[in-house]
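Structure assessment
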Amino acid sequence: PSTNHITSRKRKEDLEVCHVILGELEAHRDSWPFLEPVDRAKLPEYFRVVKKPMDFQTIRCKLRDGRYSCREAFASDSRLVFSNCLFYNEDQSKIGMAGHSMKNFFEKRWSELNR
Ligand SMILES: Cc1nnc(-c2cnn(C)c2N)n1CCCn1ccnc1
C-alpha cells in the first residue's frame, strides 16, 4: 500500500485525540459562548466582519461526519473559534475573557496529548 496514504485505522486513531479534547472543551465552564453558532438573526453584523464563523457544535458535526482529514484540521477549526472571539470581542469583556480561557485550555491540552 502507498506510504503516504493514511489507512482508515491510522486516521481513526489520529482523530481519537480530537474526540477527547472536544468533549473537554464542551464541558468547560467557560465554553458557554461557543457551544452553538452565533445567531445570524440576532447579530447580523457579526457575519459582516467574521469571515469564517466556527463553534463547538459545528466541530462536533464535522468530526462525527468524518469531515476532518487529520487532527491538525480539527485543531485549526478549534483555533478559529478562539481567534474569531478575540477579533470580535474586547479582551476584558465576559466573552473575550471566556475566549482567552478556552484558548489557553485548548493549547495546554493539545500540547499534552500531542507530546
Ligand atoms: C462567540 C461569540 N462571539 N461574540 C458573540 C456575541 C454574541 N452577542 N454579542 C453581543 C456578542 N459579542 N458570541 C456569541 C455568544 C453567544 N452567547 C451564548 C450565550 N450568551 C451569548
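Bear in mind that the values here come from a model prediction, so they are computed numbers and not experimental data. (Residues numbered from 1 in each chain as written. Predicted model: local features only at pLDDT ≥ 70, side-chain atom pairs only at ≥ 80, totals over all residues. Heavy atoms only, no water.)

**Re the site of the ligand**
Short version of the rule: Proximity is defined per residue: if any heavy atom of the residue lies within 4 Å of a molecule or strand, that residue is considered near it. Nitrogen and oxygen atoms within 3.5 Å of one another constitute a polar contact, given that in protein one can donate a hydrogen and the other can accept it, and given that sequence-neighbouring residues count only through two side-chain atoms. Residues are grouped as follows: nonpolar covers Ala, Val, Leu, Ile, Met, Phe, Trp, Tyr, Cys and Pro; charged covers Asp, Glu, Lys and Arg; every other residue, Gly included, is treated as polar.
By nearness alone, every residue bordering the ligand is listed as Trp32, Pro33, Phe34, Val38, Leu43, Tyr46, Tyr88, Asn89 and Ile95. One of the side-chain N or O atoms of Asn89 is found 2.8 Å from a nitrogen atom in the ligand. Its residues assigned to classes, the shell around the ligand shows eight nonpolar, one polar and no charged.

**Quick word on the nonpolar core**
Note the threshold: Working definition of a nonpolar core: buried Ala, Val, Leu, Ile, Met, Phe, Trp, Tyr and Cys residues. They are joined through side-chain atoms within 4.5 Å. For each residue, the accessible area found with a 1.4 Å probe, counting protein chains only, is set against the maximum for its type, and the residue is called buried under 20%, exposed over 50%, and partly exposed in between. Counting from the N terminus, the helices are DSSP H or I runs at least four residues long and the strands are E runs at least two residues long. Should any heavy atoms of two residues lie within 4.5 Å, those residues are considered in contact.
If you look at the biggest cluster of nonpolar residues, it comprises 22 residues, and the most contacted ones within it are Phe56, Ile59, Phe74 and Phe106. Elements that contribute at least two residues to this core include exactly helix H1 (8-27), helix H3 (56-64), helix H4 (71-88) and helix H5 (94-113). Leave out the neighbours within four places in its chain, and Phe74 touches Cys18, Ile21, Leu22, Ile59, Tyr68, Phe106 and Trp110.

**Here we look at the pattern of salt bridges**
Put simply, the rule reads: Just to be clear on terms, a salt bridge is a Lys or Arg side-chain nitrogen sitting within 4 Å of an Asp or Glu carboxyl oxygen.
What the rule picks out here adds up to ten salt bridges. Here Glu107 and Arg79 are joined by a salt bridge, their closest N and O atoms 2.7 Å apart. Of this pair, Glu107 sits in helix H5 while Arg79 sits in helix H4, and the two are 28 residues apart along the sequence. Looking at Arg79, the relative accessible area reads 32%, which means it is partly exposed. Among the charged side chains, a salt-bridge network with shared partners connects Glu24, Lys108, Arg109 and Glu112.

**What about H4?**
What counts is decided by this rule: Expected span, for any helix, means 1.5 Å times one less than how many residues it has.
If you check H4, its first and last C-alpha atoms are 26 Å apart, about what 18 residues at 1.5 Å a residue would give, namely 26 Å. Within H4, the full set of buried residues consists of Arg71, Phe74, Ala75, Asp77, Ser78, Leu80, Val81, Phe82, Asn84 and Cys85. Considering only its buried residues, H4 is in contact with H1, helix H2 (46-49), H3 and H5.

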